[in-house]
Structures are given as structure tokens and as C-alpha cells.
Amino acid sequence: MTALTAARRRQDLDALATGAPIDLLVVGGGVTGTGAALDAASRGLRVVLVESHDWAFGTSRWSSKLVHGGLRYLASGRVGVAHESAVERGVLMTSTAPHLVRPLATVVPLLPNLPRHRAALVRAGFTAGDVLRVAAHTPRTLLPRARYVSAERTHELAPPVSRQNLRGGLVAWDGQLIDDARLVVALARTAAEQGATVLTRVRASEVTGDGALLTDALTGQSMRINARAVVSAAGVWAGEVDPSVRLRPSRGTHLVLDAAALGNPTASITVPVPGSISRFVFAMPEQLGRVYLGLTDEDAPGPIPDEPAAAEHEIDFLLATINQALARPLTRTDVLGTYSGLRPLVDAGDGSTADVSRKHVVSLGPDGVISIIGGKLTTYRRMAEDVVDKAIAVAGLDAEPCRTRTLPLVGAPSRPDSADTTGLPSSLVARHGGLAREVVESATVSDPLAPIAHGIDVTRAEIEYAVTHEGALGVADVLDRRTRIGLVHRDADAVRPAVEQIVAASLN
Ligand SMILES: Cc1cc2nc3c(=O)[nH]c(=O)nc-3n(C[C@H](O)[C@H](O)[C@H](O)COP(=O)(O)OP(=O)(O)OC[C@H]3O[C@@H](n4cnc5c(N)ncnc54)[C@H](O)[C@@H]3O)c2cc1C
């Protein structure tokens, strides 16, 4: 099993400095860049992946964490995009990462704010979603058919929904990641296992089609490396890597709530945005006893921040919309935290923008850099295949055909190193899959199965494992990306002393 550690990172940087030949340099360690590195390495290419901060530092940790079947794209008539999404959802759920994705029910409560004609549209959309699932060969045993449920059943799935005039609910099923950042870490580790050199805290600058200047953020040292092809997977920062790419981001915000404040729902509660026929606000049950409530869509021009922040009016909008369906309205005091991510929109230069958040774009810049922009978490594998195909064609690389459709990520149950997880905490297994036993057995901390703090179900062993196997180089990597404790500042403060102690001991 490949372990990413600070020591391995240093050795890899030393090896790079010797000038060994490289086929492909990938810039950016979000889901797209780690996916591309895995794709290329598994085709036999010599690959280097650099990420300026940490795995999933950018948009890839701020998503809704849904692996979706493309239903929303059908509304705009984009059948091909919808089909691609449904196929990739099936690949993740049945083959490459079934341990990280679970089926999630979505319930649309039939309340007076959803008139019958709109409910009929939602129902038709859900039926179309079933057709997509069948066309993608994803079994009904995994994602059940959409259906109408009674008011009583709606209430079981979504306890906070108002009972007054509730006519029942419409239920459909999709995929939900335990966490987006954990998918990225699994991709980085699997890429390393396939032979890629994967480096965090390394920024690429002066990027051209045949190499870049790499700077180690920990030492300040730089080196120039040459590669036969260069892919930029820098997300909303793509324009900084290749200035011919012009982006104008849009911000999407979620609120973090205590699941208990919503009666511990087991389904995503989905409520229409007044005045729109295609927009919904949804409250999804998540790990660590939380609910994430999203999603906004706000123009966010100007310099791109490292960590985008929610605006006050976005918080008001999300609360007001979900409150239409609740018996007890949520207030500001129910909000434990917020998070926001940026979608890349291509700036056409004439004031208009093109939304590439549905279908990704692969482009070859004037300096020979191949950029991949847009797309979504769900389709990262297909995006990686497309951009690596392009690099192979542009640079004339000698590579095997793409293998990632059936290549299980670390932790997947089909792998030979996947161990029996009987008797282990379900939250540990949900985050680590078939590696959960390794997490515990490799631990040297005292009380490895004890929670890191009262009421937070991340074990002490997981904190150590983040450093000894998952490439965490500091406390923030552990709190904000290997685990998501950091989404609630109060929780982060509660665990920080214990995490600092384990991280310091493990780094030594
Ligand atoms: C609010 C929101 C909700 C979403 N929800 C979903 C969802 O539920 N399901 C879904 O399928 N998709 C969803 N998406 C889409 C999905 O999150 C994105 O498409 C995806 O995460 C983009 O990944 P990326 O790797 O392209 O970019 P990023 O994750 O931003 O990665 C780019 C990386 O490049 C690094 N970088 C930048 N410049 C350099 C440099 N010079 N040198 C080295 N590294 C560099 C950055 O640090 C960053 O880590 C959502 C998007 C948003 C904004």
C-alpha cells in the first residue's frame, strides 16, 4: 500500500532534481489533476503532479459532495452530458470507489409552495433520471426507482418538514460522497501507487508546453523541470497558469447545520427556489452529525481568493428558502459554519460568460500548455481520460489505452489489500473502506479507536494515519482536508490540542 509521507516527498523532490526524463507534468492537485495523474501513470507514462498547497485545496473540497446522474442537464436538453454523468456515477459506485459513495434519497415535499403543475414537472424529471440510470446500466438494487411516497413516509425521511397540508413527497436516488477531499486523497495515493510522483506544497510557475519552474513552498528552493507535455488542471486559477485562459468565477455557498436541529434526516430535503423552475435548495445529511444546506450561484469577479467566503445575503437566502418547507424555521443561531467554492465560467471577453460547469473543455494554449477547465467531480475520470488523450496526441507519447474505468482506488473492496472491517466503527469504514483495518493496525497512538474529542467520531488512529499514509504535512491538512472537522470552528478548537500532539509526533 502506497504511503504518502513528508519523507517520501523529500526523496521525490531530490530525485526530480537529478533531471530524470518526464512524459507529463500535471499542475493542480484537485480532483481533475489527481485524476489526470492517475490516468497517465496507469497508461505507463512517467508523470509528475504538483499542487501548490495540499490535495483538494481548491474547489474540490467545497462541492455539494454529490455524485450525480445528470438529471439537471436534461432540463437544458443536454442529453449527452447527462448520459456521461450517469455513466461516471455508475463507474464510481460499482467499480472504482464504491467505498466512498453511498446511495442518497432526495425527497421533494409536496407542500402548497409546490403547485401541482410544478410537482408534475419534478416527477417527470425524476422518471427521466431513472431512464438515464437504466441507460448507464446502474442496477436498481443500488439506486432504487424514483417514486411518490406518503406524507407519513416523507416525514420519516425528513422529520423537520411541516405536516400542514403535506400531500406526500417525491423521492429519487443519487450518489453521495462521504467527502470530496477524501476522493482526491484516494486518487493521489492511487496515482502514486501506479508510479506517478505526486507532490504537495510545490507551485508551478513560468509554465509552458515543455516544462515549468517548480518552487518548494517549504524550503523556497526552485528547480526547472522539462516534460514532453504539460497539463494545467488548476481549476479557477487556470488563467494564472496559462494567461490565454480567461475565467470569471461564480460562487456557490453551503451552510453547515447540526443534523439534530433537523431531526436527523436520512434524505436530502429539496425545496424549489421561488420563481425558478430549475433551481432548488437542498439540505443533505452528512458525516459528523451534520447537514449541509446549499446552494447559491453568485457572480464573483476580481482576484481569486485562496478560500472564498459566504456573503451575508447568501446565508439569508438559503435559510429563507429551506424554511418554506419546515415546521420550525431555522435561524442564524442554527448555522454552525459556512463554506463556499468557485465555479469556473469562461469569460468570452465581451461581457458574456460560458458555463463550463456542465461539460468540461480541453484547450491547447499558444505556449503549448493543455488546459482542462470546468466539468464536475462526478465526471473527473472521463475528463482525465480526455486530457491525457490530448497530451498523448499533441506530444506523440507512447502510451497504453486508458485503464481507469476498472481501476479501483485505494480502499475499494475489490482490491486484494482490502481487509475485513467487521467490528470497526462504521464512520471509520465510511471514510477508509477496505483500509480501515490498516488505519487501526498501523497506529502507534494510545487509544487508537477513541474519538479525537467528545462527540466527534474521528478516531485518534485516523489523525495519525493522515500523516503517516495520506500526505498530511500539518494540522490544517488534517482538520480541513483529511477530515472535515474544520468546517465547524467550534469543533476544530475542541480537537486542536490533541491533533497538534499526534501530528507533531507522527511527523517526527
Ligand atoms: C459550490 C460547488 C458545488 C459543487 N458541487 C458538485 C457536486 O455536488 N458534484 C459534482 O460532481 N461536482 C460539483 N461541483 C463541481 C466540482 O466541485 C468541480 O468541478 C471540481 O472540484 C473542480 O476540480 P479541479 O481539480 O478542476 O479544480 P480545483 O479543485 O480547484 O483544483 C485546482 C488546484 O490547482 C492548484 N493550483 C493552482 N495553481 C497552481 C500552480 N501554479 N501550481 C500548482 N498548483 C496550482 C490549486 O491549489 C488547486 O488545489 C461543484 C462546484 C462548486 C463550485
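Now for a quick tour of the structure. The model shown is predicted, which means the values in this text are computed figures rather than measured ones. (Residues numbered from 1 in each chain as written. Predicted model: local features only at pLDDT ≥ 70, side-chain atom pairs only at ≥ 80, totals over all residues. Heavy atoms only, no water.)

Right, let's get into the overall build of the protein. Helices and strands together make up the secondary structure of the protein, namely 15 helices and 23 strands. Here the protein has a C-alpha radius of gyration of 22 Å; the compact-globule value for 508 residues is 23 Å, and the two agree. Once the C-alpha set of the protein is aligned to its principal axes, its extents read approximately 70 × 60 × 40 Å. The buried share among the 508 residues of the protein stands at 58%. Carbon and sulfur atoms make up 52% of the accessible area of the protein, which totals about 19900 Å². (Helix = DSSP H or I, 4+ residues; strand = E, 2+ residues; numbered from the N terminus. Rg over C-alpha atoms; globule rule 2.2 N^0.38 Å. Buried < 20%, exposed > 50% of the residue type's maximum accessible area, 1.4 Å probe, protein only. Areas by Shrake-Rupley, 256 points an atom, 1.4 Å probe, with all protein chains shown as cover.)

Quick look at the site of the ligand now. Near the ligand lie 37 residues; those nearest to it are Thr32, Glu51, Ser60, Leu66 and Thr378. Here an oxygen atom of the ligand sits 2.7 Å away from a polar atom, N or O, in the side chain of Glu51. Gly375 is positioned with one of its backbone polar atoms (N or O) 3.1 Å from an oxygen atom of the ligand. Starting from 1000 Å² of accessible surface for the ligand in isolation, the protein chains cover 94%. Per-class residue counts for the shell around the ligand are 15 nonpolar, 17 polar and 5 charged. (Near = heavy atom within 4 Å. Polar contact = N/O pair within 3.5 Å; in protein donor to acceptor, adjacent residues only side chain to side chain. Nonpolar A, V, L, I, M, F, W, Y, C, P; charged D, E, K, R; others polar.)

If you check helix H7 (residues 180–193), its first and last C-alpha atoms are 20 Å apart, about what 14 residues at 1.5 Å a residue would give, namely 20 Å. Of all 14 residues making up H7, 13 are buried, and the element is well covered by its neighbours. If you check the start of H7, you find a side-chain oxygen 3.3 Å away from the backbone N of Ala181, and it comes from Asp179. Phi turns positive, to about 110°, at Gly195, one or two residues after H7. (Expected span 1.5 Å × (residues − 1).)

Let us look at the sheet that holds strand E10 (residues 222–226). Reading across the sheet, the 3 strands line up as E8-E9-E10 and stay open at both edges, with antiparallel pairing between neighbours. Since the sheet does not close on itself, it has two edges, and those belong to strand E8 (202–208) and E10, each with one partner. On average, each strand axis in the sheet is inclined to that of its neighbour by 25°, with strand direction left out of account. Relative to E10, strand E9 (residues 211–216) is paired through 5 bridges, and the arrangement is antiparallel. The residue bridging Gly211 from the neighbouring strand is Asn226, located in E10. (Pairing = 2+ DSSP bridges. Axes fitted to C-alpha atoms, helices over the stretch in contact; angles between N-to-C directions.)

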